[in-house]
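# An overview of the molecular structure
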Amino acid sequence: MLLCSIFQTRLFSEIELTKIPMSAKKVIILGASGNIAKHVIDILTKEDHIQLTLFLRSAKRLKNKDISKARIIEGDVLNYNLLKEAIKGQDIVYANLAGELEAMAKNIVKAMGETGVKKIIFITSIGIYDVPLSSLLRRYRYAADVIEASNLEYTILRPTWFTNVNEIDYETTRKGEPEKGSVISQKSLATLITKIIESPEKYVRENLGVNKPN
Ligand SMILES: NC(=O)c1ccc[n+]([C@@H]2O[C@H](COP(=O)([O-])OP(=O)(O)OC[C@H]3O[C@@H](n4cnc5c(N)ncnc54)[C@H](OP(=O)(O)O)[C@@H]3O)[C@@H](O)[C@H]2O)c1
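Residues numbered from 1 in each chain as written. Predicted model: local features only at pLDDT ≥ 70, side-chain atom pairs only at ≥ 80, totals over all residues. Heavy atoms only, no water.

### What to know about unusual backbone geometry
What counts is decided by this rule: Each helix is a run of DSSP H or I of at least 4 residues and each strand a run of E of at least 2, with the numbering of both proceeding from the N terminus.
Backbone torsion omega between Val 131 and Pro 132 reads -5°, so that peptide bond is classified as cis. For Pro 132, the location among the structural elements is in the loop between strand S6 (119–123) and helix H5 (138–148). Unlike most non-glycine residues, Tyr 203 shows phi in positive territory, near 60°. Tracing the backbone through its elements, the reader meets Tyr 203 in the loop between helix H6 (186–198) and strand S11 (206–211). Unusually for a residue other than glycine, Arg 205 sits at a positive phi of about 55°.

### Some details on the environment of Val 165
Topologically, Val 165 is positioned in the loop between strand S8 (161–163) and strand S9 (171–173). As a C-alpha pair, Val 165 and Ser 185 span 20 residues in sequence and 5.6 Å in three-dimensional space.

### Some words on H5
As a reminder, the rule being used: Partly exposed residues are those whose accessible area sits between 20% and 50% of the maximum for their type, while under 20% is buried and over 50% is exposed, using a 1.4 Å probe and protein chains only. Residues count as neighbours in contact if any of their non-hydrogen atoms are within 4.5 Å of one another.
Among the residues making up H5, those that are buried are Ala 143, Ala 144, Val 146, Ile 147 and Glu 148. Elements that come into contact with the buried residues of H5 comprise helix H4 (101–115), S6, strand S7 (153–159) and S11.

### Quick look at the confidence of the model for the chain
Under the convention used in this document: You can read pLDDT as the predictor saying how much it trusts each residue, on a scale of 0 to 100.
With 90% of its residues at a pLDDT of 70 or more, the chain has an overall mean of 92. Between the elements of the chain, mean pLDDT differs from a low of 41, seen in helix H1 (residues 9–17), to a high of 99, seen in strand S5 (residues 92–95). Under a pLDDT of 50 for its full length, residues 4–18 has, in the predicted model, 21 contacts with residues more than four places off or in other chains.

### A few points about the packing of aromatic side chains
To keep things clear, this is the line we draw: Two rings belonging to Phe, Tyr or Trp (six-membered ring only in the last case) form a pair when the distance between their centres is within 6.5 Å. Interplanar angles under 30 degrees mark stacking, angles over 60 mark edge-to-face geometry, and anything in between is tilted. Comment: the charge-over-ring label is applied if NZ (Lys) or CZ (Arg) is within 6 Å of the ring centre and within 35 degrees of the ring normal.
All chains considered together, the criterion is met by zero aromatic pairs. Over the ring of Tyr 80 we find Lys 110, and its NZ or CZ is 4.3 Å from the ring centre.

### Comments concerning the pattern of salt bridges
Side chains that differ in sign of charge can pair as their charged atoms come close. Heads up, the rule is: Every case where a carboxyl oxygen of Asp or Glu lies within 4 Å of a side-chain nitrogen of Lys or Arg is listed as a salt bridge.
Evaluated as defined, the whole model comprises twelve salt bridges. The closest approach of N and O atoms between Glu 102 and Lys 106, which form a salt bridge, is 3.6 Å. Here Glu 102 pairs with Lys 106, and both are found in helix H4, just four residues apart, close to one helical turn. Where Asp 145 meets Arg 141, a salt bridge forms, and the shortest distance between an N and an O atom there is 3.1 Å. Pair noted here: Asp 145 and Arg 141 are both in helix H5, with a separation of four residues, about one helical turn. One connected set of salt bridges, linked through shared partners, spans Glu 167, Asp 169 and Lys 212.

### Focus: the site of the ligand
This is how the line gets drawn: Here, proximity means that at least one heavy atom of the residue falls within 4 Å of the molecule or strand. In protein, a polar contact means a hydrogen-donor-capable atom and an acceptor-capable atom, both N or O and within 3.5 Å, with residues adjacent in sequence counting only if both atoms are side-chain atoms; elsewhere, any N or O pair within 3.5 Å suffices. Computed with a 1.4 Å probe, the accessible areas rest on the Shrake-Rupley method; for each residue, only the protein chains presented here act as cover. Method remark: on a 1 Å grid restricted to protein atoms, a set of points is classed as a cavity if a 1.4 Å probe fits but cannot get out and as a pocket if it is open with protein on both sides within 12 Å along at least five of seven lines; lining residues have an atom within 4 Å of a point. Assignment to a cavity or pocket requires that more than half of a molecule's atoms be within 2 Å of the site's grid points. Any residue that is not Ala, Val, Leu, Ile, Met, Phe, Trp, Tyr, Cys, Pro, Asp, Glu, Lys or Arg is counted as polar, Gly included; the first ten are nonpolar and the last four charged.
The immediate surroundings of the ligand are formed by 22 residues, with Ser 33, Arg 61, Asp 76, Leu 97 and Tyr 140 found nearest. Within the backbone of Val 77, one N or O atom sits 2.9 Å away from a nitrogen atom of the ligand. Contacts to the ligand include Asn 96, whose side-chain N or O atom sits 2.9 Å from an oxygen atom. Protein chains shield 82% of the accessible area of the ligand, which is 910 Å² for the free molecule. Assessed atom by atom at 2 Å from the grid points, the ligand resides in the largest pocket. At the level of elements, helix H2 (35–44) and S8 are the ones that each hand at least two residues to the shell around the ligand. Of the residues contributing to the shell around the ligand, the split by class is ten nonpolar, nine polar and three charged.

Written as structure tokens, this is what we have:
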């Protein structure tokens, strides 16, 4: 594990570059201690062509067994300068966040715009286009509005409620279509996210509901 402050990141990245192929895809996970992020990290750490940066408030909260190849930055997404420095040079941003999502989305869009990073995968929730909008979902909806108003190559995901079932079984719906289903396994959502990371040209400027079929 490489635990570094933002000021040490470049030094460590020079060391790491000797181990990672030049063509490696650089992926940063914001909120890397989150449940879905854990599954995504488990999948991506097995891939040699992915250079993973884990951005999170406390590295102690990481639950993954093997993060030896990942670069770790402890930081808050609401700290704009730190966030921008972390995003600089990445190919893909995957936001697995909770909390002040609208403010975080604004920071992320600004940082990506200023550093020229285009692709973002942002998790929100089922129900954000319901009328009337549940007060619990407002922060997800406002964050999605911020991302959609940007010129980024975004993929917004609106998953149904998570289960821990060990299965991969999902379908997606497009924005404007009725959302389906009521549950999705964490493993399924993580699998979809890693597929988008592998093929970032998929689902560009799309906003997808994700659910277990039937
Ligand atoms: N549970 C469900 O059934 C369900 C259904 C649909 C959608 N969702 C939503 O899907 C998203 C992903 O779910 P999840 O279970 O993976 O979420 P999670 O476990 O709650 O992870 C969210 C992460 O955001 C991080 N975070 C919060 N504020 C931050 C900040 N200012 N700077 C940096 N990191 C910050 C938290 O880090 P700390 O460890 O530092 O707190 C946490 O690791 C969440 O928004 C969730 O609400 C959940």
